[in-house]
Amino acid sequence: LYSEAYKRIQFVPQLDPKLESFLFDQEQIKRVLINLIENAIAAVEDVSDPKIILRTNLDGARETLSVTISDNGIGIGEGNFTKLFEPYY
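Residues numbered from 1 in each chain as written. Predicted model: local features only at pLDDT ≥ 70, side-chain atom pairs only at ≥ 80, totals over all residues. Heavy atoms only, no water.

Participant: Requested: an account of helix α2 (residues 26–43), with residues and values cited.
Facilitator: Its 18 residues place the ends of α2 26 Å apart at the C-alpha level, agreeing with the 26 Å of an ideal helix rising 1.5 Å per residue. Burial in α2 covers these residues: I37, A40, I41 and A43. For α2, the angular spread of buried residues about the axis comes to 160°, placing them on one side. Where α2 is buried, its residues meet α1 (2–5), β1 (10–14), β2 (51–59) and β3 (64–71). Where α2 begins, one side-chain oxygen reaches toward the backbone nitrogen of E27, 3.1 Å away; that side chain belongs to D25. (Helix = DSSP H or I, 4+ residues; strand = E, 2+ residues; numbered from the N terminus. Expected span 1.5 Å × (residues − 1). Buried < 20%, exposed > 50% of the residue type's maximum accessible area, 1.4 Å probe, protein only. Arc of directions from axis to C-beta. Contact = heavy atoms within 4.5 Å. Polar contact = N/O pair within 3.5 Å; in protein donor to acceptor, adjacent residues only side chain to side chain.)

In structure tokens:
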């Protein structure tokens with residue numbers, strides 16, 4: 001959906017091929033991913049070649065899944081680090 005709405009941005013999925021079905025709170029994970037992706041979109045607004053990478057990594061031994069959203073945007077200024085965990089920042 002995002003790649004259709006933001007054609008200028010390159011969305012790069014790097015999904016772990018070992019990824020299987022798993023249980024999670026569907027609404028909560030949806031909110032988290034939307035927030036992270038929209039933050040990444042805002043971060044790449046002024047970048048000439050915007051790119052957002054969605055990466056998953058399954059660690060079978062620890063039974064964990066990590067999801068990483070990264071971008072090549074401007075980053076967060078040092079003065080804003082303390083606000084990172086505030087709601088809606």
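Participant: Any details on the side chain of D16? Residues and values, ideally.
Facilitator: Along the chain, D16 falls in the loop between β1 and α2. A polar contact is formed between the side chain of D16 and the backbone nitrogen of K18, at a distance of 2.8 Å. In terms of polar contacts, D16 uses its side chain to reach the backbone amide nitrogen of L58, at 2.8 Å. The residues contacting D16, other than those within four sequence positions of it, are T56, N57 and L58.

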